Amino acid sequence: MADLGVNIDHVATVRQARGVSYPDPVPAAAIAEMAGADQITCHIRCDRRHIQDRDLEVLAATVQTRLNVEMATDEEMLLLAERIKPHQVTLVPERPDEVTTEGGLDMTQPGVLDEVSAAVARLEAAGIRTAIFADPDAAQVAATVKVGAGTIELNTAAYAEADNDIDRDRELARIASAARQAAKAGLFVAAGHGLHYHNVQPLADLDIIEEYNIGHAIIARAVFSGLEDAVRDMKALLD
């Protein structure tokens, strides 16, 4: 039975669209937990386009399961994490003009491995569990082990965006291979990005991935069926 992390960013996105105080992602997190979420995930960006510093402060004080904060390896972000002390930080790449995260951290690029290693060391020293958001690639799995993170979150975007069965099956096989490699190396294996109610079950059927972080699909369904039912429906698919 895999854990479900519910990403609440898009609740904050609706709030920030008007620059008002509602809807508040904090009660959304509480509802998700009551509906069976095992973790609350949010991404604080350098431009603060959705989640704000105060959101993190309140979430850190109120989340009853685990708070997983996605962030870049930026000095401002690391200082914020050291102050807030969430249960976990997932390090992700970030570009100012991207609509959403466009890929995993590429630790084969010059300087990136050292930068990520330093960030992991700082977070672990602060008592914060660390994860790396990475593409399902053997080199990235090996790099995740090398930097000292205990968790890898495999980027499922290519699988989710595949528009035919051949490409989808190929990406599913890549994810399975990377997940097996990561598990064998002792990493906790998570997955996320672009997953929804119609594509998550083939991944769950692999019985390798231990946690899924899903946001957009759950919040989108919640518009029509309510957040509690949306979380329960996704949890049922993973079970």
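Look a little higher up for the structure.
A brief report on the enclosed structure follows. All figures in this text were calculated on a predicted structure; none of them were measured in a lab.

Rules behind the numbers
Residues numbered from 1 in each chain as written. Predicted model: local features only at pLDDT ≥ 70, side-chain atom pairs only at ≥ 80, totals over all residues. Heavy atoms only, no water. Salt bridge = Lys/Arg side-chain N within 4 Å of Asp/Glu carboxyl O. Helix = DSSP H or I, 4+ residues; strand = E, 2+ residues; numbered from the N terminus. Core = buried A, V, L, I, M, F, W, Y, C linked by side-chain atoms within 4.5 Å. Buried < 20%, exposed > 50% of the residue type's maximum accessible area, 1.4 Å probe, protein only. Contact = heavy atoms within 4.5 Å. Axes fitted to C-alpha atoms, helices over the stretch in contact; angles between N-to-C directions. Parallel < 35°, antiparallel > 145°, perpendicular 65-115°, else oblique. Left-handed = near helix turned anticlockwise from the far one by under 90°. Nonpolar A, V, L, I, M, F, W, Y, C, P; charged D, E, K, R; others polar. Expected span 1.5 Å × (residues − 1). Polar contact = N/O pair within 3.5 Å; in protein donor to acceptor, adjacent residues only side chain to side chain.

## Quick look at the pattern of salt bridges
Phase 1: Enumeration according to the criterion identifies 16 salt bridges in this entry.
Phase 2: As a salt-bridge pair, D55 and R15 come within 2.7 Å of each other at their nearest N and O atoms. With D55 in helix α3 (residues 53-62) and R15 in helix α1 (residues 9-18), this pair connects stretches of sequence that are 40 residues apart.
Phase 3: One salt-bridge network, in which partners are shared between bridges, spans D167, R170, E171 and R174.

## Observations regarding the nonpolar core
Here is a general trend for soluble globular proteins: nonpolar side chains tend to be buried in one another's company.
Phase 1: Ranked by internal contacts, the top residues of the largest apolar core, which has 75 residues, are L91, V116, I132, Y212, I214, I218 and V231.
Phase 2: Leaving out residues up to four positions away in the same chain, V116 has contacts with T73, L91, L105, M107, I132 and V147.

## Thoughts on the packing of helix α2 (residues 25-34) against α3
Phase 1: At a minimum axis distance of 9 Å, the contact between α2 and α3 shows a crossing angle of 30 degrees. Taken together, α2 and α3 sit at an angle that is classed as roughly parallel. For the element pair α2 and α3, the recorded crossing hand is right-handed. Listed contacts from α3 to P25, V26, A29 and E33 of α2 are D55, V58, L59 and T62.
Phase 2: Grouping the constituent residues of the contact of α2 with α3 by class yields five nonpolar, one polar and two charged.

## Observations regarding helix α8 (residues 165-184)
Three or four residues apart is the spacing at which side chains of an α-helix point the same way, because the helix has 3.6 residues per turn.
Phase 1: In a regular helix each residue adds 1.5 Å, so 20 residues correspond to 28 Å; α8 covers 28 Å between its end C-alpha atoms and thus fits that length.
Phase 2: Listing the buried residues of α8 in full gives E171, L172, I175, A176, A178, A179 and A182.
Phase 3: Tucked inside the fold, the buried residues of α8 contact α6 (138-147), β6 (151-155), α7 (157-161), β7 (188-192) and α9 (201-204).
Phase 4: By the N-cap criterion, in which a side-chain oxygen at the helix start approaches the backbone nitrogen of a residue two or three places on, α8 is capped by N164, the distance to I166 being 3.1 Å.
Phase 5: Of the residues one or two after α8, G186 is the one with positive phi, at around 95 degrees.

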